[in-house]
Amino acid sequence: MEWQMRAIRGATTVAENTIEAIREAVTELIDELEQRNQLQSDKMISVTFSVTRDLDAIFPAAIARSRSGWDNVAMLDVQQMHVEGSLERCIRFLIHAYLPASTPINHIYLRQAAKLRPDWSLSQPLQPSQQAVKSKV
């Protein structure tokens, strides 16, 4: 089997700038990432998390490092460039990892962040949190 370094993108949003809300959202995002891409921490090279300027309660990398195996992955937290009218309370990631070349990549966009890349979000089933939002619309 041929392995390649691949990039995986993803994002989510939080309702409020609290440690609890950010922890819940980052955990949900990483759980989905690992499940949908069969990602193993020992195959990851690096993770860059970016957050919008309205999120400063905790670093997403601190949450990720507490996961089994993730403490040996190079991680960086940065602030997303602010653009007037852009999505608020958003956490994004870019992961570089070795994956089998034949494996399709599933980019993970949850909650309100699904609006950022509808072209990637359409083929992915709705999460319970998204289903609840959609049924209220």
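Residues numbered from 1 in each chain as written. Predicted model: local features only at pLDDT ≥ 70, side-chain atom pairs only at ≥ 80, totals over all residues. Heavy atoms only, no water.

In the nomenclature of an unreviewed UniProt entry, the protein chain is known as chorismate mutase of Anabaenopsis elenkinii CCIBt3563. The UniProt entry for the protein chain carries the following comment under Catalytic activity (unreviewed entry): "chorismate = prephenate". (UniProt positions renumbered as here; feature names shortened; annotations may be inferred.)

Tracing the backbone through its elements, the reader meets Val 83 in the loop between β3 (74-79) and β4 (90-100). Along the chain, Val 83 and Thr 52 lie 31 residues apart, while their C-alpha atoms are 9.7 Å from each other. (Helix = DSSP H or I, 4+ residues; strand = E, 2+ residues; numbered from the N terminus.)

Position of Asn 37 among the secondary structure elements: in helix α1 (residues 19-37). At 2.8 Å, the side chain of Asn 37 forms a polar contact with the backbone nitrogen of Asn 106. Excluding residues within four positions of it along the chain, Asn 37 makes contact with Ile 8, Leu 99, Pro 104, Ile 105, Asn 106 and Ile 108. (Polar contact = N/O pair within 3.5 Å; in protein donor to acceptor, adjacent residues only side chain to side chain. Contact = heavy atoms within 4.5 Å.)

Next up on the list: the UniProt feature "binding site: prephenate" (unreviewed entry) in the protein chain. According to UniProt, the "binding site: prephenate" (unreviewed entry) feature falls on Arg 9, Arg 92 and Tyr 109. Spanning 101 residues, the named residues form one tight spatial group whose C-alpha atoms are at most 8.8 Å apart. On the secondary structure map, Arg 9 appears in strand β1 (residues 3-13). You can call Arg 9 partly exposed: its relative accessible area is 30%. A distance of 3.4 Å separates a polar side-chain atom of Arg 9 from the backbone oxygen of Phe 93. Note that Tyr 109 resides in strand β5 (residues 108-109). (Buried < 20%, exposed > 50% of the residue type's maximum accessible area, 1.4 Å probe, protein only.)

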